[in-house]
Amino acid sequence: MLGPSAHVDTFTRDNLPPFDQWPDLKLDGFDYPEYLNCAVELTDRMVEKGFGDRTALIGNGRRRTYKELADWTNRLARALVENYGVVPGNRVLIRAPNNPAMVACWLAATKAGAVVVNTMPMLRAGELGKIVDKAEIQLALCDTRIKDELVACAKESRFLKQVVGFDGTANHDAELDRVALDKPVTFEAVRTGRDDVCLLGFTSGTTGSPKATMHFHRDILVIADGYAKEVLKVTPDDVFVGSPPLAFTFGLGGLAVFPLRFGAAATLLESATPPNMVDIIQTYRATISFTAPTAYRAMMKAMDEGADLSSLRIAVSAGETLPAPVYEEWEKRTGKPILDGIGATEMLHIFITNRLDDRAPGVTGRPVAGYEAMVVDDDMNEVPRGQIGRLAVRGPTGCRYLADERQPSYVRDGWNLTGDSFVQDADGRFRFAARSDDMILSAGYNIAGPEVEAALLSHPLVAECAVIGAPDEARGQIVEAYVVLAGGGTADAATAKLLQDHVKATIAPYKYPRSVRFVPALPKTQTGKIQRFRLRQERVP
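This is a predicted model, so every value here is computed, not measured.

Rules used throughout
- Residues numbered from 1 in each chain as written.
- Predicted model: local features only at pLDDT ≥ 70, side-chain atom pairs only at ≥ 80, totals over all residues.
- Heavy atoms only, no water.
- Pairing = 2+ DSSP bridges.
- Helix = DSSP H or I, 4+ residues; strand = E, 2+ residues; numbered from the N terminus.
- Contact = heavy atoms within 4.5 Å.
- Axes fitted to C-alpha atoms, helices over the stretch in contact; angles between N-to-C directions.
- Parallel < 35°, antiparallel > 145°, perpendicular 65-115°, else oblique.
- Left-handed = near helix turned anticlockwise from the far one by under 90°.
- Buried < 20%, exposed > 50% of the residue type's maximum accessible area, 1.4 Å probe, protein only.
- Arc of directions from axis to C-beta.
- Salt bridge = Lys/Arg side-chain N within 4 Å of Asp/Glu carboxyl O.
- Polar contact = N/O pair within 3.5 Å; in protein donor to acceptor, adjacent residues only side chain to side chain.

1. Things to note about the sheet that holds strand 16 (residues 366-367)
Moving on, step 1. A sheet is described by the order of its strands in space; here three strands give the open sequence 14-15-16, paired in antiparallel fashion. What marks the edges here is a single partner per strand, and that holds for strand 14 (341-343) and strand 16.
Moving on, step 2. Examined bridge by bridge, strand 15 (residues 350-353) and strand 16 share two bridges and lie antiparallel to one another. Bridge assignment links Thr353 to a residue of strand 16, and that residue is Arg366.

This is the structure we're talking about:
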C-alpha cells in the first residue's frame with residue numbers, strides 16, 4: 001500500500017496507524033509520481049515554469065520572487081544537512097509568527113527530507129515539551145525574537161538537543177541565516193516518496209494529550225490541486241492575505257501552499273488584526289482573504305470609515321461557521337462572494353465548501369472534488385435528509401494519527417468522523433449544526449448553538465455572541481447566550497428580554513436563550529475562533 005521511502009530515520013512511517021484503522025483514500029484524479037518532494041514543486045519547479053521573476057512572498061516590508069525563494073530555501077536546506085546533521089525522516093520543529101522566514105524554513109526542511117512540525121508562537125515551554133516528546137524532535141528552528149520558551153523547553157527535554165535561531169525580520173542576521181549565506185544556491189533535494197510523511201499537524205484540542213496528524217508529500221499538493229484549483233480558481237494574479245497561523249494546516253494551505261502552487265503571491269502578517277488586514281488588502285490589492293467571521297464584521301466597520309476592499313474577489317471564512325447575517329451583510333456591502341467551508345487538521349484542509357456559483361447563507365456547501373460525505377447515526381447508518389447526525393467524510397486526504405489510541409474513534413468503517421453535527425438538505429447541501437459536543441439537549445429538544453447565535457447576530461444591538469448549554473435541574477440544559485453589545489446597547493434585563501423575543505420571532509421559540517449574560521469580550525483563539533469550552537469552564541451558576 002505504501003510506496004518507496006527516502007527516510008533514513010523511519011520514526012514516522014514506523015508510527016503510522018495499522019492499515020485496518022486507516023480511512024479509505026480516494027486518489028482518483030490525484031496522480032503524482034512515485035517520488036515527490038512537495039517543497040521542490042512549490043519553489044524550483046515554479047522557477048522552471050517561468051515564474052522566477054514573479055513575487056512569491058510579501059512580508060516585513062519586503063517582496064521576494066520565486067527565484068529568490070528557491071535560492072533562499074536551497075541555501076537553508078544545505079545548512080540543515082551540512083551544519084546541523086539533518087537526515088531524511090528527522091523531525092524539525094519550527095516556531096515563528098507568520099513571516100517569509102518561517103515559510104522558507106518549512107520549505108528548506110522539507111527539501112532536506114525532514115518531517116516538519118510548525119508550532120504556534122504563543123505556546124509555552126510546557127506545551128512545546130508535549131509536542132517535542134510526542135514527535136521525538138531533536139532540532140528546532142526558532143525566530144530569535146521568541147526563543148525563550150523553546151530554550152526553556154530544551155533544558156528540560158530528553159529529546160530536543162539543538163535550538164537554532166533565524167531572523168524573522170528582513171535583516172537575516174541570526175545564526176541560521178549567517179550559516180546559510182555562505183552556501184551555494186543549488187541543492188539536490190531529497191528524493192522523497194509521495195507517501196513519505198512530510199508534516200505533522202498537531203490538533204488544537206482542548207483536553208488530553210496532543211494528537212499529531214500525519215500528512216504526506218502528496219497531501220500537500222492534493223489540497224491545492226483540489227480545493228484551491230476547483231473552488232478558488234487561483235491564478236498567478238492572485239494575492240492572498242489571511243489571519244490563520246502558518247502553524248495550523250489551514251493557514252499553511254491558504255497562505256503558503258495555495259499561492260505557491262499557482263504562481264500567485266502571499267502577504268504574511270505577524271499580527272493579523274482586522275485593521276492590519278485592511279491595510280494589507282489596500283496596500284497590495286489582495287484578492288483572496290482567509291479569516292474568521294468576527295474579522296469580516298470588523299472589516300465591514302472599517303468600510304464605514306473609508307476602507308477600500310474592492311480588490312478582493314473572494315473572502316474565505318475560517319475557524320467558525322459563517323453566520324447567515326454576516327454572509328448577507330458582506331455580500332450586500334461588498335458585492336463579492338464570501339465562501340464558508342469546513343476543514344480539519346486531520347483532513348489537512350477544507351473538504352466541504354460553498355462555490356462561487358453555488359452558495360447560500362447558513363450553508364456549508366457540497367464536498368470538494370474527490371471527497372464524499374454523509375450524515376450518520378452512532379451506528380454509522382446514514383440518516384434521512386433533514387435530520388441532524390454526525391458528519392462522515394472520505395477522500396484523497398484522511399486521518400492518520402501518530403501512534404495514538406484515539407485513531408479508531410476518528411476513523412470508522414473507512415470514514416473520517418470529524419466531531420461535527422450536520423444536516424444534509426433535500427438539495428444535497430450540507431449545513432453545519434454544531435460541534436458534536438456543542439449540541440444542547442434541552443427538555444428533549446436538540447438545539448444547535450450556532451443557529452441561536454445567528455439569530456442573535458441578526459439584531460443590531462449584538463456585536464458578537466456565543467451560545468452554550470448550561471446545566472438546569474428541570475430541563476437538563478438550557479440555552480445560555482454570552483453577548484457583546486454593539487454601541488448603544490445597555491446591559492440590563494430589558495435588553496436581555498428584547499433579544500430573547502427577537503430570537504423567538506426569528507427561529508423556533510423553544511430555541512431561545514433562557515439565560516442572557518452580557519460580557520465585554522468573548523474568549524478566542526489566535527485565529528479568532530470562539531472558545532466556548534472556556535465559557536462552560538468559567539461560568540458561575
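Let's pick the thread back up.
2. Describing the sheet that holds strand 11 (residues 288-291)
Moving on, step 1. Spatially, 2-1-10-9-11-12-13 is the arrangement adopted by the seven strands of the open sheet, whose pairing is mixed. Single-partner strands in this sheet number two, and they are strand 2 (62-65) and strand 13 (338-339).
Moving on, step 2. Most of the contacts of helix 10 (residues 249-261) go to strand 9 (residues 239-242), to which it runs at about 170°, and overall it touches strand 1 (55-59), strand 9, strand 10 (265-268), strand 11 and strand 12 (314-317).
Moving on, step 3. Sitting on the sheet, helix 12 (residues 293-304) is in contact with strand 11, strand 12 and strand 13, with an inclination near 125° to strand 11.

3. Some words on the packing of helix 15 (residues 449-457) against helix 16 (residues 493-506)
Moving on, step 1. Where helix 15 contacts helix 16, the two axes come as close as 9 Å, and the packing angle between them is 115°. Here helix 15 lies roughly perpendicular to helix 16, going by the angle between them. Between helix 15 and helix 16 lies a crossing whose hand is right-handed. Contacts between helix 15 and helix 16 pair Val452, Ala455 and Leu456 from the former with Leu499, His502, Val503 and Thr506 from the latter.

4. Describing helix 6 (residues 125-135)
Moving on, step 1. Within helix 6 the residues assigned to the buried category are Ala125, Leu128, Gly129, Ile131, Val132 and Ala135. Viewed end-on, helix 6 has its buried residues packed into an arc of 165°, placing them on one side of the element. Of the residues in helix 6, the exposed ones pointing more than 90 degrees away from the buried face are Gly126 and Lys130.
Moving on, step 2. Buried-residue contacts for helix 6 involve helix 1 (11-14), strand 3 (91-95), strand 4 (115-119), helix 7 (148-156) and strand 7 (197-202).
Moving on, step 3. Downstream of helix 6 by a residue or two, Glu136 has a phi angle that is positive, lying close to 50°.

5. Focus on the pattern of salt bridges
Moving on, step 1. Taken as a whole and judged by the stated rule, the model has 39 salt bridges.
Moving on, step 2. A salt bridge links Lys67 to Asp71, with the nearest nitrogen and oxygen atoms 2.7 Å apart. Highlighted residues: Lys67 and Asp71, both in helix 4 (residues 66-82), separated by four residues, approximately one helical turn.
Moving on, step 3. Exposure remark for Asp71: the relative accessible area of 17% places this residue in the buried category.
Moving on, step 4. Ionic contacts of the salt-bridge type, sharing partners, join the residues Arg13, Asp195, Asp196, Arg218, Asp219 and Arg400 into one network.

6. Things to note about the pairing of strand 18 (residues 389-394)
Moving on, step 1. Strand 18 sits mainly inside the fold: five of its six residues count as buried.
Moving on, step 2. Of the pairings in the sheet, the one linking strand 17 (residues 372-376) to strand 18 comprises five bridges and is antiparallel in character. Following the sheet pairing, Met374 is matched in strand 18 by Ala392.
Moving on, step 3. Examined bridge by bridge, strand 18 and strand 20 (residues 415-424) share four bridges and lie antiparallel to one another. Across the sheet, residue Ala392 finds its bridge partner in strand 20, namely Leu417.

7. Some words on the pairing of strand 15
Moving on, step 1. As defined by bridge partners, strand 14 adjoins strand 15 across three bridges and the pair is classed as antiparallel. Its bridge partner being in strand 15, Gly341 is matched across the sheet by Thr353.
Moving on, step 2. The antiparallel hairpin formed by strand 14 and strand 15 contains six residues in its connecting segment, where Leu348 sits at a positive phi of about 85°.

8. Remarks on the side chain of Arg394
Moving on, step 1. Along the chain, Arg394 turns up in strand 18.
Moving on, step 2. A polar side-chain atom of Arg394 sits 3.2 Å from a polar atom in the side chain of Asp24.
Moving on, step 3. Polar contacts involving the side chain of Arg394 include one to the side chain of Glu372, which spans 2.4 Å.
Moving on, step 4. Setting aside residues up to four positions removed in sequence, Arg394 forms contacts with Asp24, Lys26, Gly370, Tyr371, Glu372, Gly414, Trp415 and Asn416.

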